Amino acid sequence: MPDQATGTSPVLYRDVNADDTAALAALGRESFCDAFAHLYSAENLNLFLDRVYTSEAIAAEIANPQRLYRIAEMDGALVGYCKLALATGFEHDLGTRRVLDLSQLYMRGDMTGKGLGDTLTRWAIAEARARGYDDILLSVYSENYGAQRFYARHGFTKYADTFFMVGNHRDEEFLYRLALT
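The rules behind each value
- Residues numbered from 1 in each chain as written.
- Predicted model: local features only at pLDDT ≥ 70, side-chain atom pairs only at ≥ 80, totals over all residues.
- Heavy atoms only, no water.
- Pairing = 2+ DSSP bridges.
- Helix = DSSP H or I, 4+ residues; strand = E, 2+ residues; numbered from the N terminus.
- Axes fitted to C-alpha atoms, helices over the stretch in contact; angles between N-to-C directions.
- Contact = heavy atoms within 4.5 Å.
- Phe/Tyr/Trp six-rings, centres within 6.5 Å; stacked < 30°, edge-to-face > 60°.
- Buried < 20%, exposed > 50% of the residue type's maximum accessible area, 1.4 Å probe, protein only.
- Lys NZ or Arg CZ within 6 Å of the ring centre and 35° of its normal.
- Core = buried A, V, L, I, M, F, W, Y, C linked by side-chain atoms within 4.5 Å.
- pLDDT = per-residue confidence, 0-100.
- Salt bridge = Lys/Arg side-chain N within 4 Å of Asp/Glu carboxyl O.
- Expected span 1.5 Å × (residues − 1).

Enquirer: In this structure, what is going on with the sheet that holds strand E2 (residues 67–74)? I would like to understand it.
Expert: With mixed pairing, seven strands are arranged side by side in an open sheet as E1-E2-E3-E4-E5-E7-E6. Only two strands of the sheet have a single neighbouring strand rather than two, namely strand E1 (12–15) and strand E6 (157–166). Strand-to-strand twist across the sheet, computed as the mean angle between neighbouring axes with direction ignored, equals 30°. With respect to the sheet, helix H2 (residues 42–52) is in contact with strand E4 (99–107), E6 and strand E7 (169–179), its orientation differing from that of E6 by roughly 100°. Along the sheet, helix H4 (residues 116–130) makes contact with E1, E2, strand E3 (77–85), E4, strand E5 (135–141) and E7, crossing E3 at roughly 30°.

Enquirer: Honestly, unusual backbone geometry in this entry has me stumped. Any pointers?
Expert: The general pattern is negative phi for most residues beyond glycine and trans for most peptide bonds. A positive phi angle, near 55°, is found at Asp75, a position not held by glycine. Among the structural elements, Asp75 can be located in the loop between E2 and E3.

Enquirer: Please clarify how the packing of aromatic side chains should be interpreted in this entry.
Expert: For any pair of aromatic rings, the description consists of the separation of the ring centres together with the inter-plane angle of the planes. Scanning the model with the defined rule gives twelve aromatic pairs in all. Residues Phe48 and Phe164 carry aromatic rings whose centres are separated by 5.6 Å and whose planes lie at 70° to one another, so their mutual orientation is edge-to-face. One end of the pair, Phe48, is in helix H2; the other, Phe164, is in strand E6, with 116 residues separating them in the sequence. Given the relative accessible area of 3%, Phe48 is considered buried. Residue class for Phe164 comes out partly exposed when judged on its relative accessible area of 29%. Seen from the ring of Tyr133, Arg98 lies directly overhead, with NZ or CZ sitting 4.2 Å from the centre. Here the basic side chain of Arg170 rests over the ring of Phe163, its NZ or CZ set 4.1 Å away from the ring centre.

Enquirer: Even after reading the chapter, I still don't get the nonpolar core, so can you show me in this structure?
Expert: Across soluble globular proteins, nonpolar side chains show a tendency to be buried alongside one another. Counting 30 residues, the largest nonpolar core has Cys82, Leu84, Leu102, Leu105, Ile136, Tyr151 and Phe156 as the members making the most contacts within it. Secondary structure elements with two or more residues in this core: E2, E3, E4, H4, E5, helix H5 (145–153) and E7. When residues of this core are assigned to their parent elements, the largest contribution, six residues, is made by H4. Leaving out residues up to four positions away in the same chain, Leu105 has contacts with Tyr81, Cys82, Gly117, Leu120, Thr121, Phe150 and Tyr151.

Enquirer: Help me understand the confidence of the model for the chain, please; the structure alone is not making it clear to me.
Expert: The predicted coordinates should not be examined in detail at positions where pLDDT is low. Mean pLDDT over the chain stands at 91; residues scoring 70 or higher make up 96%. Taken as a whole, residues 1–6 scores under 50 in pLDDT and shows eight contacts with residues more than four places along the chain or in a different chain.

Enquirer: Is there a simple way to explain the pattern of salt bridges in this structure?
Expert: Opposite charge on two side chains allows them to pair when their charged atoms are near. Evaluation of the coordinates by the stated rule reveals twelve salt bridges. Between Arg70 and Asp15 there is a salt bridge; the shortest N-O distance is 3.0 Å. Residue Arg70 is found in strand E2, and its partner Asp15 is found in strand E1; the two are separated by 55 residues along the sequence. When the shortest N-O distance is used, the salt bridge between Arg170 and Glu172 registers 2.9 Å.

Enquirer: I'm lost on H4 in this one. Help?
Expert: Since the α-helix advances by 3.6 residues per turn, residues separated by three or four positions end up pointing in the same direction. The terminal C-alpha atoms of H4, which comprises 15 residues, lie 21 Å apart, in line with the 21 Å expected from a rise of 1.5 Å per residue. Note on H4: the residue one or two positions beyond its end, Gly132, has a positive phi of about 80°.

Written as structure tokens, this is what we have:
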């Protein structure tokens, strides 16, 4: 039912399930393309999308016990999500600290700036704390200044330089860290 003050439906947050596979693949693909498609050749973009955002790839991620998802939905449609990796895939050494990766924080384009990212980031931080992690790491595109400001507002700071491959294209990225302990 729409909120009478704003005329909008409430956003519901929940854990992922296998029935979300197709919608999650579509939203991941759409969100990535909306933000970054202009940076890549069609060949590199399609190589990446066909590896990461197929229903088969998403189903494997959902089934992986080392992944956690939190979904935001409105009127039964997926409008955003956050994915955590319980074991870091980054090469940077934090010694004996337990590190979790905030792997993806994606919104449908028209939902950006409406608080979903804040809510999902708070969930990620609370989840990391509840599981006894010392740090959260994430990578952010070096020219995505809005995302860098967003993560800084949540206490993340630049920790190192890294990169991200989209097909055969190398993106320069920053590794951001939030120390929980």
